[in-house]
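Next come the chains, spelled out residue by residue.
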Amino acid sequence: MAELKGALIGCGFFAINQMHAWQDVKGAQIVAICDRDPERLKLVGDQFGIERRYGDAAAMFADGGFDFVDIATTVASHRALVEMAASHKVPAICQKPFAKTLGDAKAMVALCAQAGVPLMVHENFRWQTPIQAVKTVLRSGAIGDPFWGRFSFRSGFDVFSGQPYLAEGERFIIEDLGIHTLDIARFILGDVATLTARTKRVNPAIKGEDVATILLDHESGATSIVDVSYASRLSTEPFPETLIELDGTKGSIRLSQGYRLEVTGPDGVAISDVSPQLLSWASRPWHNIQESVLAIQQHWADRLADGTETSTSGADNLKTLALVEAAYDSAASGRTVDIGALL
Ligand code: NAD
Ligand code: 89V
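A. View of helix H8 (residues 287–306). The terminal C-alpha atoms of H8, which comprises 20 residues, lie 29 Å apart, in line with the 28 Å expected from a rise of 1.5 Å per residue. Positive phi appears at Gly307, one or two residues downstream of H8, with a value of about 75°.

Below you can see the structure in the form of structure tokens.
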């Protein structure tokens, strides 16, 4: 089978991981890149040996010669770039947050569906090795039916030095990081019926909220808590680990700091190490995220080749984005939000 050719738009901070991962993906390669910042374009083009370089996405689409586009820009440009891809019938991956509003996201999904163009959101956290390990145990039935969960990401890591825009937006932790944690909660315990949230800003140097506590009522009847913080000073910095607690009718799962997985079931306790691999181009502590970038991009190449739907399709991501919107609405109003009414 011929190798899929891809084009990447947005050669910023995170795209470096995506470019490294594309070099390891079987069945796909990047043949063109685009960034409106000439310095970033040169840096990434030279580092990864890409000759076809564009300062303007419209010019790149007009030239064509690629089977998919990987949109790695920040959210402000996502709608226009996904629309451009749909109008050229080019399958698209789009970074999270998929869109500025749920209304924009619905329009982007509808347009790609009308054009018959596959669309995946680069929602990579559910692809992390430890998260996949939790899902595998749950699927095995080892703890019975889960009735309660906690998905927790608490850190004091300085994310602002690498991504300065995170300090500038009215919205911060739910939109940037909680979006991943909410997606993990959906991936593990299923879709959500209602949501209640509370937020705080602890760091006076940023504009948005850096702490959120969110209560989810899942359609299955399970209840879970998603708690996220970038204002937690801990003796051992856990960034970027998501910690999980699940209680089921026959046992429990605990994914704790240091990638330690403990499963308590009817036959006793099993403890395992579910650490991610340190890929050749990865660096700690980011290696967990970096490995998941390779996993999601390989998934995209495989699904594009066999013509089936991706795990984090645009349509699937609407349900995660609805939780983000609902969390901000609930924190502002103090009320519980009905998720079905948003979708
Ligand atoms: P960044 O600002 O470092 O990079 C974005 C790049 O896109 C810049 O070089 C900018 O010049 C370019 N760009 C913006 N609009 C453009 C356009 N219309 N045409 C061409 N180039 C354009 O941002 P970043 O930190 O790399 O984040 C990019 C996206 O990745 C964000 O949406 C962020 O939330 C997401 N992200 C995801 C993860 C993850 O684990 N999934 C981690 C970090 C960041
Ligand atoms: O994954 C992300 O979206 C990143 C970070 C882990 C720093 O929150 O922005």
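B. Highlighting the pairing of strand E14 (residues 268–273). Of all six residues that make up E14, zero are buried, and the element is exposed over most of its length. Across six bridges, the pairing between strand E13 (residues 260–265) and E14 is antiparallel. By the bridge assignment for E14, Val263 is matched with Ala270. Hairpin connection from E13 to E14: two residues lie between these consecutive antiparallel strands.

C. Broad picture of the nonpolar core. Judged by nonpolar contacts, the single largest core of 116 residues is most densely connected at Phe98, Ile188 and Leu246. In terms of residues, this core owes the most to one element, helix H7 (residues 173–189), which gives 10 residues. Apart from residues lying up to four places away in sequence, Phe98 is in contact with Val75, His78, Val82, Ala105, Met108, Val109, Leu119, Val121, Gly314, Asn317 and Leu321.

D. Spotlight on the site of ligand 1. Neighbouring ligand 1 are 25 residues; Phe14, Asp35, Lys96, Asn124 and Tyr165 lie closest to it. A distance of 2.6 Å separates an oxygen atom of ligand 1 from a polar atom in the side chain of Asp35. Measuring from a nitrogen atom of ligand 1, one finds a side-chain N or O atom of Asn124 at 2.6 Å. In isolation ligand 1 offers 860 Å² of accessible surface; the protein chains occlude 87% of this area. Cavity membership is defined here by more than half of the atoms lying within 2 Å of grid points; on that basis ligand 1 lies in the largest pocket. Residue classes in the shell around ligand 1 are distributed as eight nonpolar, 11 polar and six charged.

E. Summary view of the layout of surface pockets. Size it by volume and the largest pocket reaches roughly 1,200 Å³. Lining the largest pocket are 45 residues, and of these Ala72, Thr73, Thr74, Val75 and Tyr165 lie nearest its centre. For the lining of the largest pocket, the element with the most residues is H7, which contributes four residues. There is about 240 Å³ of room inside the second largest pocket. Looking at the second largest pocket, it is lined by 16 residues, and the ones nearest its centre are Val117, Pro118, Leu119, Glu309 and Ser313.

F. Examining the site of ligand 2 more closely. Close to ligand 2 lie Lys96, Phe125, Val159, Gln163, Asp176, Leu177, His180, Tyr230, Trp286 and Ile289, which account for all nearby residues. Gln163 is positioned such that a nitrogen or oxygen atom in its side chain is 2.9 Å from an oxygen atom of ligand 2. Burial of ligand 2 by the protein chains amounts to 94% of its free accessible area of 270 Å². More than half of the atoms belonging to ligand 2 lie within 2 Å of the grid points that define the largest pocket. Ranked by residue count, the leading element in the shell around ligand 2 is H7, at three residues. In terms of residue class, the shell around ligand 2 is made up of six nonpolar, two polar and two charged.

G. Looking closely at empty space enclosed by the protein. Counted under the stated rule, the structure contains one cavity of 30 Å³ or more. There is about 50 Å³ of room inside the largest cavity. Lining the largest cavity we find Pro97, Ala99, Lys100, Arg171, Glu175, Leu321, Val324 and Glu325. Per-class residue counts for the lining of the largest cavity are four nonpolar, no polar and four charged.

How each quantity is defined
Residues numbered from 1 in each chain as written. Chains lettered and ligands numbered in written order. Predicted model: local features only at pLDDT ≥ 70, side-chain atom pairs only at ≥ 80, totals over all residues. Heavy atoms only, no water. Helix = DSSP H or I, 4+ residues; strand = E, 2+ residues; numbered from the N terminus. Expected span 1.5 Å × (residues − 1). Buried < 20%, exposed > 50% of the residue type's maximum accessible area, 1.4 Å probe, protein only. Pairing = 2+ DSSP bridges. Core = buried A, V, L, I, M, F, W, Y, C linked by side-chain atoms within 4.5 Å. Contact = heavy atoms within 4.5 Å. Near = heavy atom within 4 Å. Polar contact = N/O pair within 3.5 Å; in protein donor to acceptor, adjacent residues only side chain to side chain. Areas by Shrake-Rupley, 256 points an atom, 1.4 Å probe, with all protein chains shown as cover. 1 Å grid on protein atoms, 1.4 Å probe; cavity = no way out; pocket = protein on both sides within 12 Å on 5 of 7 lines; lining within 4 Å. Sits in = over half its atoms within 2 Å of the grid points. Nonpolar A, V, L, I, M, F, W, Y, C, P; charged D, E, K, R; others polar. Points joined across faces, edges and corners; volume = space filled by probe spheres on them.

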